[in-house]
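Chain residues, written in single-letter form:
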Amino acid sequence: KTVSIGFIIYGIPKTDNSFSLFPGILTRRGRNFWMQKLKEQLTVFATGAAGYPIIELIWRQSTHWSMALAGGTCLLLLYNLYGKFTKLSLGLKCLLGSGVITAVEFVAGLIVNCWQNWNVWDYSCFKFHFMGQICLVYSVLWGFLCLPVSGLCKAMRKRLHSEPKKLLKGKKAW
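About the thresholds
Residues numbered from 1 in each chain as written. Predicted model: local features only at pLDDT ≥ 70, side-chain atom pairs only at ≥ 80, totals over all residues. Heavy atoms only, no water. 1 Å grid on protein atoms, 1.4 Å probe; cavity = no way out; pocket = protein on both sides within 12 Å on 5 of 7 lines; lining within 4 Å. Points joined across faces, edges and corners; volume = space filled by probe spheres on them. Helix = DSSP H or I, 4+ residues; strand = E, 2+ residues; numbered from the N terminus. Buried < 20%, exposed > 50% of the residue type's maximum accessible area, 1.4 Å probe, protein only. Expected span 1.5 Å × (residues − 1). Bend = angle between axes of the 7 residues up to and from the residue. Polar contact = N/O pair within 3.5 Å; in protein donor to acceptor, adjacent residues only side chain to side chain. Contact = heavy atoms within 4.5 Å. Patch = residues over 30% accessible without salt bridge, like charges linked within 9 Å, V, L, I, M, F, W, Y side chains within 5 Å. Areas by Shrake-Rupley, 256 points an atom, 1.4 Å probe, with all protein chains shown as cover. Salt bridge = Lys/Arg side-chain N within 4 Å of Asp/Glu carboxyl O. Phe/Tyr/Trp six-rings, centres within 6.5 Å; stacked < 30°, edge-to-face > 60°. Lys NZ or Arg CZ within 6 Å of the ring centre and 35° of its normal.

## Examining the layout of surface pockets
Next up, step 1: Estimates place the volume of the largest pocket at around 660 Å³.
Next up, step 2: As for the largest pocket, its lining consists of 28 residues, and the residues nearest its centre are Tyr52, Ile55, Glu56, Trp142 and Leu145.
Next up, step 3: At the level of secondary structure, the elements contributing two or more residues to the lining of the largest pocket comprise α2 (31-60), α3 (65-84), α4 (90-115) and α5 (136-168).
Next up, step 4: The dominant element in the lining of the largest pocket, judged by the number of residues it contributes, is α2, at eight residues.

## Considerations on unusual backbone geometry
Next up, step 1: Phi at asparagine 119 takes a positive value of approximately 50°, unusual for a residue other than glycine.
Next up, step 2: Examined against the element boundaries, asparagine 119 turns out to sit in the loop between α4 and β3 (129-130).
Next up, step 3: Of note, the phi angle at phenylalanine 128 is positive, near 60°, even though the residue is not glycine.
Next up, step 4: With respect to the helices and strands, phenylalanine 128 occurs in the loop between α4 and β3.
Next up, step 5: For phenylalanine 128, a relative accessible area of 65% puts it in the exposed group.

## A word on α4
Next up, step 1: Taking 1.5 Å of rise per residue, the 26 residues of α4 would be expected to cover 38 Å, and the 36 Å separating its terminal C-alpha atoms lies within 8% of that figure.
Next up, step 2: Of all the bends in α4, the largest measures some 30° and sits at glycine 109.
Next up, step 3: Positive phi appears at asparagine 117, one or two residues downstream of α4, with a value of about 55°.

## Side note on the side chain of asparagine 113
Next up, step 1: Structurally, asparagine 113 can be placed in helix α4.
Next up, step 2: At 2.7 Å, the side chain of asparagine 113 and the backbone nitrogen of valine 120 are in polar contact.
Next up, step 3: Ignoring any residue separated from it by four or fewer positions in sequence, one finds asparagine 113 in contact with Ala108, Trp118, Asn119, Val120, Trp121 and Gln133.

## Some points on a nonpolar patch on the surface
Next up, step 1: A cluster of nonpolar side chains, namely Trp59, Leu90, Phe128, Leu136, Val137, Val140, Leu141, Phe144 and Leu147, defines an oily patch on the protein surface of about 910 Å² accessible area.
Next up, step 2: A per-element tally of the nonpolar patch places α5 first, with six residues.
Next up, step 3: Within the secondary structure layout, valine 140 lies in helix α5.

## Description of the environment of glycine 109
Next up, step 1: Here glycine 109 is to be found in helix α4.
Next up, step 2: Given a relative accessible area of 0%, glycine 109 falls into the buried group.

## Regarding the packing of aromatic side chains
Next up, step 1: Applying the stated rule across the entire model yields eight aromatic pairs.
Next up, step 2: Between phenylalanine 106 and phenylalanine 130, the ring centres sit 5.4 Å apart and the planes meet at 45°, which makes this aromatic pair tilted. On the criterion of sequence distance, the pair formed by phenylalanine 106 in helix α4 and phenylalanine 130 in strand β3 is long-range, its members being 24 residues apart.
Next up, step 3: With a centroid separation of 6.4 Å and 40° between ring planes, the pair formed by tryptophan 121 and tyrosine 123 is classed as tilted. Tyrosine 123 shares its class with tryptophan 121; the two are buried.
Next up, step 4: It is lysine 93 that lies over the ring of tyrosine 82; its NZ or CZ is 5.5 Å from the centre.
Next up, step 5: One Lys or Arg, arginine 157, reaches over the ring of tyrosine 79 and ends 3.9 Å from the middle of that ring.

Here you go:
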């Protein structure tokens, strides 16, 4: 017998003659837990991937498909950080969020602007910029954007974590 979860096909034998690459994971949490976790993470990423380009369209009337990837990555990172550090004050969440978003923006800028030469944005005209990819002005704006993002993450966590209970009661979650 084998246990197959995505790419895990073969593994270490367990006492009940089944296999697992990481013994105990399936017995402690079960397949449904990991599938629910994957759905949760994909939902958060998709929300960020759809939401950030909309914000960018409102702000500067244009966007680039790479910003959907950056937005999804940012929201997913913030969602998981805010979930891990629930006792942080809103101000610290915004400061942390600003740092995370600025770091993602810098990496994305290196890829899309410097390496690929797509010229999606250029902050060279701003004071306190670094390589034209990030600047202090937008880092502060990202901090303010984290005010509603913090509430969004909390609401999403509440909604996404309530679904298994609804499913167990026989109600449709979607």
